[in-house]
Each structure stands twice: as structure tokens, then as C-alpha cells.
Amino acid sequence: MSHPSVPRIGRAVAGLTALAACAAALLAATGPASAVPDPPRVPGPKRAGAHAAAYPNVAPTPPMGWNNWSYYLCEVNEKVVLDNARALVRTGLADKGYDTVTVDDCWMAKQRGPDGELVPDPEKFPHGMAYVGRQLHQMGLKFGIYEDVGTLTCGKYPGSFGHFPQDAAQFARWKVDYLKADGCNVPTAPGRTKEETYHDLYRQQSRALEDTGRDITFSVSAPAYFQYAGDKVWHKVIRWSSKLGNLWRGGRDIAMEQQSPATKWSSIAYNFRYNAGLAGLQRPGRWNDPDFLLAGDSGLTRHEIQSQMSLWAVMAAPLISSTDLGELSPAAREVLGNEQVIAVDQDPLGVQGKVVGQGDGFTVLSKPLANGERAVALFNSGDTPRTLSTTAEAAGLPGAGAYRMRDLVTGRTRSSGGAIVAENVPPHATVLYRVGTN
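These numbers come from a predicted model, not from an experiment.

Caption draft 1: Molecular detail of the pairing of strand β2 (residues 100-103). The alternating pattern of β2 places T100 and T102 on one face and V101 and V103 on the opposite face, and all of these are buried. In this structure, strand β1 (residues 64-67) lies alongside β2, joined through three bridges in parallel fashion. Paired with G65 across the strands is T100, a residue of β2. Sheet topology places β2 next to strand β3 (residues 142-148); four bridges connect them, and they run parallel. Bridge pairing in β3 places T100 opposite K142. Following the backbone out of β2, through helix α3 (residues 129-138) and into the adjacent parallel β3, one traces a crossover that is right-handed.

Spelled out as C-alpha cells, the structure:
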């Protein structure tokens, strides 16, 4: 995407150069859906027209899974989705928490059906989306899907504008468990600001999902369209997004598979920087989302993919892979499947780590954990090796005579009197410790 305030950066396939201008008036509020994997969960009661102050907390820990977009773009189809789902199971990643498979943009036909319903592209998804959902549920996985609150998706397929209750009900019938709602092609009515317009449309989508009585995790893309509107507006959008959904995209899309390794690394570092500054706006069960994990055959070094995984974990970010899982290298599989790092991300306390040290070419973050320990990440963003350090006190640990530090990548444990040091950290590498008192 070419417009800096739109999250679909690099959408070459879609060929977007700007948001489409529309002069439609905004709609009245609508009604949603909640999801039931197989076997079904017990849905919450449907409350005729009544809505809770906040969207149901159906994501108590950051979502994990796979999405096709960064790797496949619009070259998505039934085989791609189900092959990657089978790879999640076969590699053991599903058992480690990567349980939601999401079909991104370009899955549908260019026109709605005769009754206004969304129609899956018959060539890409010949058996339909309900079939895809059944196949995923039979594998023990959850089914995620993409739509847009505007008139068209970013790829110029039908958006949900004017169809929120209808589309939500359709997703519920398909047994969808996760909705990613983008914000391309949103018309602003006369007398309304852009922020008011987005708030109204995402509110309608949220209510539509809730009204279906199915537990559908709701991923909101609204903040990504306000990253350059100034922090006051951007943070306001994040605050209402946290009431309307379970997670939200904060800024730019992560780089695409076909882009250069240098571009991919720059993208990871950029998304880390903006997301690290949003820790005060996250709360347990409501997650800042800096976009996909690029671990895979993508030209990145082992240090770089490990850095992204470790930094996303200490930020309590969703862990959503976007690669060809069938061709996953042993190194990438090891990074994605590191149970100690995953445990930091999925820690039940649900707190995003905060920056406790920063300078030219390095950042140190500390994340409180449910058992009283801290996860401490020491990130060398520079181009030369360096020794990085902080202290137990700066990391927020209680005073003690000695501390136990476990490197969650190497598995080595050592004691410290209070200094938390990582020596000769390679360029673009991150050392992630779990630190507690002896």
C-alpha cells in the first residue's frame, strides 16, 4: 500500500494507491456472531439490542496461529490454507499454541450473491468456506477469516459496509472463530470526522459479532489508519478499539515475502519500535498487534528471526506466523516452537513488557510474569556486536542477595548478584532472560 497511514503496506497485488472516495451515509448499528470450534463451546446469551460495555474477552492470552497474507498475498486458495494447517499439526506447532488459521484478503468473489451474501471465489475455494472451517476444526484448529468495514476490502473485494449483521451471521454459520476486520475504502459522511466514522463502523462490526452469540475473536485494524494522525488521535483510537475488540493492528504491515531481507529486517525493527511505545495502552486480554512473524525461508538470519520472536513475546504480542509452513527450515521451526519463549508471551498475567533501558542501537525491556519473575530482553539493533546490561532493580525485581537468570534460547542458567548482562550480543540479536530470585 502506498499511503503511509494505511496498514496494507506493500500490497502490490492489490494495486492500491489511495483510499477510494465514497459519498455514502453511515448505517445504523448491527449485530454480530460468536464462534464454536468442534466440539462446540457453550455460547453466551444473545441480548436483544443490549451490549456490554466492552466486547467479550475471548482472547485471555495473545492469539497464536497462521495467516497467509505476508507470504502468499492474494495467491490464496483452499489447498494453500489446508496444507499450511496440516503443517501446523504435523510440525507440532499447533500443540504449542499456534491454533488459529486465518484466510486473509482476496478469498471472495468480486460481487455479492443474489441475497446480498458474501460468495467465496469458486476457483480458489471450490468447496466453500464452511468446508474450510470444518476441515480446520477436525484438525483441532480454529478458523479465522478477513473482511473490511469499508465499501471494499484493500484488494477491492466486497466490504461489510452496509452488511454488518448479514456478514456476521454468515460467518457464524460457517463456524468462524476469528475475524480480522481491515479499514480500507471507508467513506466519511459530511459532518463526520475520519475518527468518528471509523469508530462508528467498528462499533457496528463489534455489535454484529456479539449479537450472533458465537465467541469470535475480533481483530480491529482501525489504529493502523491513524498512526500518523498524531499520538493524541492515534491513542484515542487504540482506546476505543480495546473496547470493541480483542486485539488491534497499531501501524504498518510487516514486510512481504518477496521483499529483500534488508527491507524485512527494517520492517521488523520499525514495528517493534512503535509497538514498544504502546505498552501503557495494552491491558490483559486486550492486545497490541505489531503484525506477523516472519520466521521461515525469508532471507532473514537466525538472529533476526529469533529477535522478532523474543521481542514479540516480551511485548505480549499475538504470535501469528505468515510463511510456507510446509517448507519451514529446522531453524525457523525451532524458533517458532521454543516453549520457554512462548510461555513468556502467553504468561497469564498478560502484561506487555516495558522499555527500561534505551540508547543508540539497543533497547532493554522487562515484562512481569505471573510467578513473580521477570522476562528481560536485551536487543542489539545495531550492526556490530556489543555487550548489553541492566540491573535487577531497573528491571523491577525485588531486592535479593542473588538472582537466577535463564537464557530462554540457549537454556543456560547462571546466578547474578544483580547485574543482568549479555556479552557480545551479535548484530540484530536479542538475548531473552527469565530472571528470578534464588
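Caption draft 2: Region of the structure containing the packing of aromatic side chains. Scanning all chains against the criterion turns up 13 aromatic pairs. Measuring from centroid to centroid gives 5.8 Å for W107 and W174, while their planes differ by 80°, and the two rings are edge-to-face. A residue pair is termed long-range when its members are at least 10 positions apart, and W107 in the loop between β2 and α3 and W174 in the loop between α4 (164-173) and β4 (178-182) qualify at 67 residues. Residue W107 is classed as buried on the basis of its relative accessible area, which comes to 0%. Ring-pair connections join several aromatic residues into one group, and the members of that group are Y198, Y202, Y225, F226 and W240. Residue placement shows K110 over the ring face of Y157; its charged tip is 4.0 Å from the ring centre. The positively charged end of R252 is found above the aromatic ring belonging to Y270, 4.2 Å away from the centroid.

Caption draft 3: Seen up close, the sheet that holds strand β11 (residues 374-380). Strand order in this open sheet of six strands is β9-β10-β11-β16-β13-β14, and the pairing throughout is antiparallel. Each having just a single partner strand, β9 (354-359) and β14 (413-416) make up the two edges of the open sheet. Averaged over all neighbouring strand pairs, the angle between strand axes comes to 25°, with direction disregarded.

Caption draft 4: Geometry of the state of the cysteines. Applying the stated rule across the entire model yields two disulfides. Residue C74 pairs covalently with C106 via a disulfide, S to S 1.8 Å. Residue C74 is located in the loop between α1 (69-72) and α2 (78-90), and its partner C106 is located in the loop between β2 and α3; the two are separated by 32 residues in the primary sequence. Neither residue differs from the other here; C74 and C106 are each classed as buried. Bonded cysteines in the chain are paired 1-2, 3-4 when counted in the order they occur along the chain.

Thresholds applied
- Residues numbered from 1 in each chain as written.
- Predicted model: local features only at pLDDT ≥ 70, side-chain atom pairs only at ≥ 80, totals over all residues.
- Heavy atoms only, no water.
- Buried < 20%, exposed > 50% of the residue type's maximum accessible area, 1.4 Å probe, protein only.
- Helix = DSSP H or I, 4+ residues; strand = E, 2+ residues; numbered from the N terminus.
- Pairing = 2+ DSSP bridges.
- Right-handed = clockwise from strand over helix to strand, strands pointing away.
- Phe/Tyr/Trp six-rings, centres within 6.5 Å; stacked < 30°, edge-to-face > 60°.
- Lys NZ or Arg CZ within 6 Å of the ring centre and 35° of its normal.
- Axes fitted to C-alpha atoms, helices over the stretch in contact; angles between N-to-C directions.
- Disulfide = S-S within 2.5 Å.

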